[in-house]
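Structure assessment
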Amino acid sequence: MMIYRKKNGEYAVKKKSPAVVDRFANDPNFEQVRLNALDFAKAGKASMLIKRAFHQMTPQRANTDLFPRLTKLCKAIMKTDMLHERGQRNLLDGDTNLFVPFDFTEDGRFSNNVQVSFTHSVNRVAGNANIELPEFIPTELIIAPPKATHCRLKMGVAVLNFETVKHTFSFSDSADILLDATPAAPQTLTVPIPANSADPVFIALSIEFTEEENGVFYPINNGKFKLMQLVAVDVPV
């Protein structure tokens, strides 16, 4: 099979003929194409790992275009690898800061609806990752759907090994935050990670809204407000 790019910019797959296969593999005129294909394959492999790692908390409507957008980003990061030539470049040798911020939903920006400042930390020896949420006024910093009375922030942490294509994933939910002008108390979200891991740690935040009625919390399934974003990537030096 071969991957090619259509006129509209989308990628497609078709079966190679024997002649095309031989020419692609041996013709010197295809050398740069072969090198680009190697980089593209690595980018696709990395993006699939990231998508699979965060699948448990990814908004449903994000899955339609998540893989090609992640692949495009991974390829762009690999291009910043100054240590290797085309075809030999690696994702982690590039500028992984470009992952932040990455919105899992293309038509919804997490930071537009959730403007709460926060800090993160990763303690590899103790085996945990944290996000510190300060005191804030919900009605000033969170855009909520109609009828929502509360929201909850979810921190997801994936530890990824791009060589073995394996990962670990854990998450932690905040307490329910009342959507009014009362200051929300500071919170610390903590997620365990494998102790002393040398693999990169990817941290994401998502938000969910609920309507409280007679002490029962009912989820609000408005896809427009189900947002998620990569907020930090920690790569050991």
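Quick note: structure is the one above.
Quick caveat: nothing in here was measured; it's all calculated off a predicted structure. (Residues numbered from 1 in each chain as written. Predicted model: local features only at pLDDT ≥ 70, side-chain atom pairs only at ≥ 80, totals over all residues. Heavy atoms only, no water.)

1. Digging into the overall build of the chain
- Scanning the chain for helices and strands turns up five helices and 12 strands.
- Expressed as lengths along the three principal axes of its C-alpha atoms, the size of the chain is roughly 70 × 40 × 25 Å.
- Residues classed as buried in the chain amount to 41% of the 237 residues present.
- Only carbon and sulfur atoms are counted for the fraction: they give 53% of the accessible area of the chain, which is about 13,200 Å².
- Distance from the positive charge centre (27 side chains) to the negative charge centre (26 side chains) of the chain: 12 Å. (Helix = DSSP H or I, 4+ residues; strand = E, 2+ residues; numbered from the N terminus. Buried < 20%, exposed > 50% of the residue type's maximum accessible area, 1.4 Å probe, protein only. Areas by Shrake-Rupley, 256 points an atom, 1.4 Å probe, with all protein chains shown as cover. Lys, Arg positive; Asp, Glu negative; His and termini not counted. Charge placed at Lys NZ, Arg CZ, Asp CG, Glu CD.)

2. So, a nonpolar patch on the surface
- On the surface, a cluster of nonpolar side chains totalling about 460 Å² of accessible area is made up of Met1, Ile3, Tyr11 and Val13.
- Among the structural elements, Ile3 can be located in strand 1 (residues 2-5).
- Its relative accessible area of 49% is what places Ile3 among the partly exposed residues. (Patch = residues over 30% accessible without salt bridge, like charges linked within 9 Å, V, L, I, M, F, W, Y side chains within 5 Å. Salt bridge = Lys/Arg side-chain N within 4 Å of Asp/Glu carboxyl O.)

3. As for the side chain of Thr96
- Mapped onto the elements of the fold, Thr96 is located in the loop between helix 3 (66-78) and strand 3 (102-103).
- When its relative accessible area of 11% is taken as the criterion, Thr96 is described as buried.
- With sequence-adjacent residues up to four places away left out, Thr96 is seen in contact with Ile77, Leu91, Val233 and Val235. (Contact = heavy atoms within 4.5 Å.)

4. Considerations on unusual backbone geometry
- With an omega of -5°, the peptide bond running from Val100 to Pro101 counts as cis.
- With respect to the helices, strands and loops of the structure, Pro101 is situated in the loop between helix 3 and strand 3.
- The phi dihedral of Asn196 falls on the positive side, at around 60°, and the residue is not glycine.
- Within the secondary structure layout, Asn196 lies in the loop between strand 9 (187-192) and strand 10 (201-213).

5. Comments concerning the pattern of salt bridges
- Across all of its chains, the model carries six salt bridges by this definition.
- Linking Asp107 and Arg61 is a salt bridge whose minimum nitrogen-to-oxygen distance equals 2.8 Å. Here Arg61 lies in the loop between helix 2 (31-53) and helix 3 and Asp107 lies in the loop between strand 3 and helix 4 (110-113), a separation of 46 residues in the sequence.
- Classification of Arg61 by relative accessible area gives partly exposed; the value is 30%.

6. Topic: the environment of Thr139
- One can find Thr139 in helix 5 (residues 138-141).
- Judged by relative accessible area, which is 47%, Thr139 ranks as partly exposed.
- With residues up to four places along the chain from it excluded, the contact list for Thr139 reads Leu179, Asp180 and Ala181.

7. Things to note about the environment of Lys75
- Position of Lys75 among the secondary structure elements: in helix 3.
- Spatially, the C-alpha atoms of Lys75 and Phe40 are 6.5 Å apart, while their sequence positions differ by 35 residues.

8. Topic: the environment of Val157
- Assignment of secondary structure puts Val157 in strand 6 (residues 150-161).
- Separated by 12 residues in sequence, Val157 and Phe169 have C-alpha atoms that sit 5.6 Å apart.
- Excluding residues that lie within four positions of it along the chain, Val157 makes contacts with Phe54, Ala129, Thr168, Phe169, Ser170, Val191, Ile193, Val201, Phe202 and Ile203.

9. Notes on the pairing of strand 7 (residues 166-173)
- In this sheet, strand 7 lies alongside strand 6 in antiparallel orientation, the contact comprising eight bridges. Bridge pairing in strand 7 places Gly156 opposite Phe171.
- From the end of strand 6 to the start of strand 7, which pair antiparallel, there are four residues, and Val165 there has a positive phi angle of about 60°. (Pairing = 2+ DSSP bridges.)

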